[in-house]
Amino acid sequence: MVFAYKRIEARIGEYIAAHYHNVIEVGIGRNTDVAALCARAGLRVRATDIREPPEVPGVESRVDDIYAPDLPWYAGADLVYAVRPGVEMVPSLIDLARAIGCDLIVYHLGNEIYEDGGEIIDCGPVLHRYYRP
């Protein structure tokens, strides 16, 4: 089971690395695999969490609250993404992506989706693009 779990993160990271250059993971928590893979692929990677995020080589991180984000820190991103966020976070993630003018991709926990689920991206795991400028 652990192998399948990490395969999901690897596929998400591979998709992001193939399509984006400057990315921010919101709500990184302790699951740093996607951010680490993106950093190793040469992307600029930033990460936030409501608690102090772990240190990950090549990843700039800070404490930030998605419900009251520090918008200047997100400037220049071409993607905001979240891996298994609470569905209640999605409206604020959409607002953030709109405010900074970048794509928003979410990998949901189980069968959770927000509203219509956005644009479906099947890269192995199913991603939901909720905003694209």
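Just above, that's the structure.
Note that the structure is predicted; figures quoted are calculated from it, not measured. (Residues numbered from 1 in each chain as written. Predicted model: local features only at pLDDT ≥ 70, side-chain atom pairs only at ≥ 80, totals over all residues. Heavy atoms only, no water.)

Caption draft 1: A look at the layout of surface pockets. The computed volume of the largest pocket comes to approximately 190 Å³. Along its surface, the largest pocket is lined by 15 residues, and Gly27, Asp49, Ile50, Arg51 and Met89 are the ones closest to its centre. (1 Å grid on protein atoms, 1.4 Å probe; cavity = no way out; pocket = protein on both sides within 12 Å on 5 of 7 lines; lining within 4 Å. Points joined across faces, edges and corners; volume = space filled by probe spheres on them.)

Caption draft 2: Looking closely at the sheet that holds strand S4 (residues 79–83). Pairing is mixed across the open sheet formed by 7 strands, whose spatial order is S3-S2-S1-S4-S5-S7-S6. Strand pairing shows two members of the sheet lacking a second neighbour, strand S3 (59–63) and strand S6 (119–122), which therefore form its edges. Taken pair by pair, the neighbouring strands of this sheet meet at an average axis angle of 25 degrees, ignoring direction. Summarising the sheet, strand S1 (residues 22–26) and strand S2 (residues 44–49) pair through 5 bridges and their orientation is parallel. Across the sheet, isoleucine 24 pairs through a bridge with arginine 46, a residue of S2. Where helix H4 (residues 90–100) meets the sheet, its contacts fall on S1, S4, strand S5 (103–107) and strand S7 (126–131), and the angle it forms with S5 comes to roughly 155 degrees. (Pairing = 2+ DSSP bridges. Helix = DSSP H or I, 4+ residues; strand = E, 2+ residues; numbered from the N terminus. Axes fitted to C-alpha atoms, helices over the stretch in contact; angles between N-to-C directions. Contact = heavy atoms within 4.5 Å.)

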